[in-house]
Amino acid sequence: MQRESIVLEGGFTDPVIESQAVFRALMDAMAHPARAYRIGHHAAPSVPIAATAAAVACAVVDADTPVWLDGALAIDAVRTWLGFHTGARFANSPGEAAFALIADGAGMPALQRFAQGTEEYPDRSSTVILQLSALDGGDALAFEGPGIRTRATIAPVGLPAEFPTQWRANRARFPRGVDLILTAGDAIACLPRSARLLAGEN
Amino acid sequence: MYVAVKGGEAAIDNAHRLLADRRRGDRAVPALTLDQIAGQLALAVDRVMAEGSLYDRRLAALAVKQARGDLIEAIFLLRAYRTTLARFGYSEPLDTGAMLVERRISACHKDLPGGQLLGPTFDYTHRLLDEGLDGDASVEAGKIRAGAAEKVVRVADILADEGLIEGDGLATGDGPGDINHTPVEFPLSRAMRLQSLSRGDEGFLLALGYSTQRGYARSHPFAGEIRIGEVEVEVFLPELGFAVPVGRVQVTECQMVNQFKGSAKVPPQFTRGYGLVFGQSERKAMAMALCDRALRAEELGEDIVAPPQDQEFVISHCDNVQATGFVEHLKLPHYVDFQAELGLVRRMRAEYEARDREVAPVREAAE
Amino acid sequence: MTSRTSTYNFAYLDEQTKRMIRRAILKAIAIPGYQVPFASREMPMPYGWGTGGVQVTASILGPRDVLKVIDQGADDTTNAVSVRKFFQRVAGVATTTKTGEATIIQTRHRIPEQPLREGQVLVYQVPIPEPLRFLEPRETETRKMHALEEYGLMHVKLYEDIARNGHIATTYAYPVKVEGRYVMDPSPTPKFDNPKMHRSEALQLFGAGREKRIYALPPHTDVVSLDFEDHPFEVQKFDRPCALCAAEGVYLDEVVLDDRGGRMFVCSDTDHCETRRADGHRGELAGDTT
């Protein structure tokens, strides 16, 4: 009984309008890499998954998109909550994931372990949703590329130490590669595979 | 002074009003009811259900009425409605062997278990216009053979007993596929091809099937069996752990039996082309079966020599909603691009005439 | 038969369909110029009449958006009116004819003359998304060509034009290269508009419904029209200004005035023309009053 109410609570209250609002922020963020967008408060899950990551999942995940959860999230309560609110199926490995949800950024699998897409179908790759503690205050990362006028800088807290190396390898695989959605507080920022990490400030 | 053309909005409103007026026709004549359309133009309604790929006679009848009898327009209306419906799941494979047949014939056998059952067919009518239908003369009730509407064995199963025909094969593990939810990626599985053909345009498939009979990818077909009747639709419910019936649909099934010389991998045997269509749509089911067989060329190691064997060609062009839309879009204004072409033709014409002027004096001098 | 009413969701599409299209849009933005396959749905208008653009617009549209729809550059062409009315009816959104006021602009065949700004989205209706299609009809082949960056055939075609005509004879749907990687069809806009795509401030989304493809250009993306060193890309030039607003350096429609060969040239972008006239610009045939 109690478990049921935990599961039923905390999704979108107005799914049509809130899905659109969250998606629109995602679209803007993907079109303007490394720039933070506040999405406001939409989801309030009663299970250990961050509200903003949960809202992103509610907007883009459904039964057609296998979801991979990292160790911190791979518990029954999270699976049941996501299953109830999105219809998600779960992937057994990062390589099968359309979306991956990561609570422990520092310990996440290397980017190359996620689905990369193929040369013919580079879109068949994973989108990785990361729960971070903050989008500023960490090591500054400066990017250039599509969506960026000259350069864009972001300093997220909680990425793995070898992130710059991994990201450069990810960019080198273009058009294959993964796309990242960083979340912290009520903000999101995106790093599409097209973003080139500049040398120097990191 | 020039005033740019305005009033697209008023023009559209007026056109729609005129359309509604013409659809209604002479007000002194009673309006058609959906029951009349579904009951008396049943084969038109069946075609709209089949190619609209939504099994709902009332909505199909409504679409026929709304489209003023333009069946492709009606198919389009129904398709545009069905696309918005939530998908709850996929049914279990239909068991057409358990069909309650209203019609069942085979061209391969003089008689067979279950018999030849003609049903309500045009086949042996003389196509003489019947003035008696102009009015509402009473019509006597049809006679149905005692014991009809029962389960009869499928002809393919009879042939299979001798091992002379390929089997049904096993359902693949990756589910039925869904052409509505998966972008087309060639080569398509047979399941996906059959879905496309099942709602493909009757005329297009008829012409392609006909061309195979005339030698373009000929495969010596026999109408192994055509059966029309109702079958049960079942859905597997994980909560219950078994499949439950959710309703019955009328379908037409055609199994073509085709000669096959055999290949390195497969012994000589009969192969099959398959057609399955909502409602009573016999011509379509037969044409579909011919096309299905032709599209199996690669699988059976046959040379691909003709359009009906080319799946990119057949599947990309068999949908009449897509085809009619793109052909008819030529009615939309294209004057911006035409302007660009006008400029180009004028420029090329000027260059051509300039070249002509340069060449002409030389020619005169030579003469 | 029982009677039922058929009702539709906000912006017509069901939520499952919107999510599928939204995911395709995100991938399209991440891989600029690459055509993402999507499970395009039937729409209540015919294929070839903007179903791809309509599906993209329906999937991104929210209640606070202001929508502008143009066809041939004009807000009052019948198909533009029809698409605009569709969204008024199924989404109840505000609409405008002013380029500057719109948050989403759906277009067929033109890019507005007024430069777009950050935050605006330009949605193109695309009939044939594959720039290589008329050189190679098979999708299986063209997909390989994109994967291998094998674009030689396109250059050969353009160069044959030059050999035959002395110049490239493609005037619209003129192919572009995106960020040095994908060759992309800009949809059948006149090549006059190609330079507007380069490093635009706005997000540009392309929807091809019948062909089931979505592609995108994020803002500030390099979009270069294909050309040759000895035959650089050039746009159409008109040798006179707009007869109504006197604008120069804009795309003009040729209007036939009578059956004696009378012609006038006016802005194809009706909002641009009206705005200029409201600001007091007068062409030779504008008359004295607005």
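Residues numbered from 1 in each chain as written. Chains lettered and ligands numbered in written order. Predicted model: local features only at pLDDT ≥ 70, side-chain atom pairs only at ≥ 80, totals over all residues. Heavy atoms only, no water.

**Student:** I tried to follow the interface of chain C and chain A on my own but got confused; where do I start?
**Tutor:** Accessible area lost during the coming together of the parts is what is often quoted as the interface size. Each side of the interface is counted separately: chain C has 41 residues, and chain A has 41 residues. Around 3300 Å² of area is buried between chain C and chain A when both sides are counted, 60% of it from carbon and sulfur atoms. When the area that chain C buries against chain A is broken down by residue, the three leading residues are Arg23, Leu26 and Lys27 of chain C, summing to 19%. Across the pair Arg196 of chain A and Glu179 of chain C runs a salt bridge, and its minimum N-O distance is 3.8 Å. Taken together, the links from chain C to chain A amount to 18 residue pairs in polar contact (both at pLDDT 80 or more). (Contact = heavy atoms within 4.5 Å. Buried area = accessible area lost by both parts, 1.4 Å probe. Salt bridge = Lys/Arg side-chain N within 4 Å of Asp/Glu carboxyl O. Polar contact = N/O pair within 3.5 Å; in protein donor to acceptor, adjacent residues only side chain to side chain.)

**Student:** Quick question: what am I supposed to make of the packing of helix α7 (residues 190-198) of chain B against helix α9 (residues 282-295) of chain B here?
**Tutor:** The relative placement of two packed helices is expressed as an angle between their axes plus a distance between the axes. Residue and element names in this part refer to chain B. As a packed pair, α7 and α9 sit with axes 10 Å apart at the nearest point and diverge in direction by 150 degrees. For the element pair α7 / α9, the angle class is roughly antiparallel. Considering only the axes of α7 and α9, their crossing is right-handed. Contacts from Arg190, Arg193, Leu194, Leu197 and Ser198 of α7 reach α9 at Lys284, Met288, Cys291, Asp292 and Leu295. (Axes fitted to C-alpha atoms, helices over the stretch in contact; angles between N-to-C directions. Helix = DSSP H or I, 4+ residues; strand = E, 2+ residues; numbered from the N terminus. Parallel < 35°, antiparallel > 145°, perpendicular 65-115°, else oblique. Left-handed = near helix turned anticlockwise from the far one by under 90°.)

**Student:** Got a minute to help me understand helix α2 (residues 15-31) of chain A in this structure?
**Tutor:** Working note: α-helix, 3.6 residues per turn, so residues spaced by three or four point in the same direction. Spanning 17 residues, α2 of chain A covers 24 Å between terminal C-alpha atoms, matching the ideal 24 Å at 1.5 Å per step. For α2 of chain A, the buried fraction is high: 13 of the 17 residues fall into the buried class. (Expected span 1.5 Å × (residues − 1). Buried < 20%, exposed > 50% of the residue type's maximum accessible area, 1.4 Å probe, protein only.)

**Student:** I keep staring at unusual backbone geometry and nothing clicks. Help me out?
**Tutor:** Trans peptide bonds make up the majority, and among non-glycine residues the majority have a negative phi. Along the chain, Phe174 of chain A connects to Pro175 of chain A via a cis peptide bond; the corresponding omega equals 10 degrees. Note that the residue after Phe186 of chain B, namely Pro187 of chain B, is joined by a cis bond; omega there is 0 degrees. Looking at the secondary structure, you find Pro187 of chain B in the loop between α6 (155-160) and α7. A positive phi is found at Lys212 of chain C, a non-glycine position, where the angle reads about 60 degrees. Among the structural elements, Lys212 of chain C can be located in the loop between β8 (203-208) and β9 (213-217). The class for Lys212 of chain C is buried, based on a relative accessible area of 12%.

**Student:** How should the sheet that holds β8 of chain C be read in this particular structure?
**Tutor:** Hydrogen bonds along the backbone pair up the strands of a sheet, which may run parallel or antiparallel. All names here are of chain C. Pairing is mixed in the open sheet, where seven strands are placed in the order β1-β9-β8-β5-β4-β2-β3. Unpaired on one side and paired on the other, β1 (36-37) and β3 (94-95) mark the two borders of the sheet. The pairing of strand β2 (residues 66-71) with strand β4 (residues 104-108) spans five bridges and is parallel. The residue bridging Asp71 from the neighbouring strand is Arg108, located in β4. Packed onto the sheet, helix α1 (residues 15-30) meets β1, β8 and β9 and runs at close to 45 degrees relative to β9. (Pairing = 2+ DSSP bridges.)

**Student:** For this particular structure, what's the right way to read the interface of chain C and chain B?
**Tutor:** Contacts between the two partners involve 70 residues from chain C, matched on the other side by 50 residues from chain B. Both faces considered, chain C and chain B share a buried interface measuring about 5200 Å² in area, 56% of it formed by carbon and sulfur atoms. For the pair chain C and chain B, the number of links is six salt bridges. Residue Arg138 of chain C is joined to Asp310 of chain B by a salt bridge in which the shortest nitrogen-to-oxygen separation is 2.5 Å. The interface formed by chain C and chain B includes 22 residue pairs in polar contact (both at pLDDT 80 or more). Secondary structure elements with two or more residues in the side of chain C that touches chain B: α3 (78-91), α4 (139-147), β11 (252-256) and β12 (263-267) of chain C. In terms of residue class, the side of chain C that touches chain B is made up of 31 nonpolar, 20 polar and 19 charged. (Nonpolar A, V, L, I, M, F, W, Y, C, P; charged D, E, K, R; others polar.)

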